[in-house]
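What follows is each chain in one-letter form.
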Amino acid sequence: MDETRVRDVPDEDALDAQIGYNLRRASALALNDFSVEMAEASLRPVTYAMLALIDERPGIRAAELCRLLGMKSANMAPLLAELEERGLIERDDHAEDKRVRKLSLTGAAKAAMPAWRLKVRRHENRFLQRLSRKERATLLRLLRLIWTDEAE
């Protein structure tokens, strides 16, 4: 019989006391639930985020979208192509600089966006159901402290 012994590890060094481990576990749970909620729309967190920002900022440039999402242009290009092929975004030439393309949602994506936002809200409510409204606000504030620049 194989017995598993618990090693004598200081509490602060235990795996379940590590922030990264807990962030990864929470992220995996969130991603799985998001995938289930958005399966019909075939949207992943990154593609939803792109569409949501384009919806919030019609005419946004791809470079600005990359900056806001913390992505590299090389990673964004195939995702933009995918969204364009699916008929969800349009890329229009900038009036003053033909090298720049402005992004906007298609009519179909604009019409679908309220339902998608509702699905994401449902997902977050389910994912965060154990937290009070105040705890959710605190979690959001703390997470933003981790990833935002001090200058923002």
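Every value quoted in this text rests on a predicted model; they were computed, and no experiment measured them.

1. Notes on a nonpolar patch on the surface
On the surface, I19, L23, L139, L143, I146 and W147 cluster together into a nonpolar patch covering about 610 Å² of accessible area. Counting residues per element, the ones that place at least two in the nonpolar patch are α1 (19-37) and α6 (133-147). For the nonpolar patch, the element with the highest residue contribution is α6, accounting for four residues. With respect to the secondary-structure elements, W147 resides in helix α6.

2. Looking at the pattern of salt bridges
Pairs may arise between side chains of opposite charge once their charged atoms sit close together. Evaluation of the coordinates by the stated rule reveals nine salt bridges. R122 is the salt-bridge partner of E37, the closest N and O atoms lying 2.8 Å from each other. Of the two residues, E37 is situated in helix α1 and R122 in helix α5 (residues 107-127); the sequence distance between them amounts to 85 residues. When its relative accessible area of 11% is taken as the criterion, E37 is described as buried.

3. Observations concerning the nonpolar core
The biggest cluster of nonpolar side chains holds 26 residues, and the ones touching the most others in it are M38, L43, Y48, L51, L65, I89 and W116. Secondary-structure elements contributing two or more residues to this core are α2 (45-56), α3 (62-69), α4 (73-85), β3 (101-105) and α5. When residues of this core are assigned to their parent elements, the largest contribution, six residues, is made by α2.

4. Quick look at the confidence of the model for the protein
Scored by pLDDT, the protein comes out at a mean of 90, with 89% of its residues at no less than 70. Between the elements of the protein, mean pLDDT differs from a low of 87, seen in strand β2 (residues 89-93), to a high of 97, seen in α2.

5. What to know about the environment of I89
On the secondary structure map, I89 appears in strand β2. The class of I89 is buried, set by a relative accessible area of 2%. Here the alpha-carbon distance between I89 and K110, two residues 21 residues apart in the chain, equals 9.4 Å. Setting aside anything within four residues of it in sequence, one finds I89 in contact with L51, I54, L80, L83, E84, L103, S104, L105 and T106.

6. Considerations on unusual backbone geometry
Even without being a glycine, S42 presents a positive backbone phi close to 55°. Mapped onto the elements of the fold, S42 is located in the loop between α1 and α2.

7. So, a negative patch on the surface
On the surface, D11, E12, D13 and D16 cluster together into a patch of negative charge. Topologically, E12 is positioned in the segment before α1.

About the cut-offs
Residues numbered from 1 in each chain as written. Predicted model: local features only at pLDDT ≥ 70, side-chain atom pairs only at ≥ 80, totals over all residues. Heavy atoms only, no water. Patch = residues over 30% accessible without salt bridge, like charges linked within 9 Å, V, L, I, M, F, W, Y side chains within 5 Å. Areas by Shrake-Rupley, 256 points an atom, 1.4 Å probe, with all protein chains shown as cover. Salt bridge = Lys/Arg side-chain N within 4 Å of Asp/Glu carboxyl O. Helix = DSSP H or I, 4+ residues; strand = E, 2+ residues; numbered from the N terminus. Buried < 20%, exposed > 50% of the residue type's maximum accessible area, 1.4 Å probe, protein only. Core = buried A, V, L, I, M, F, W, Y, C linked by side-chain atoms within 4.5 Å. pLDDT = per-residue confidence, 0-100. Contact = heavy atoms within 4.5 Å. Lys, Arg positive; Asp, Glu negative; His and termini not counted. Charge placed at Lys NZ, Arg CZ, Asp CG, Glu CD.

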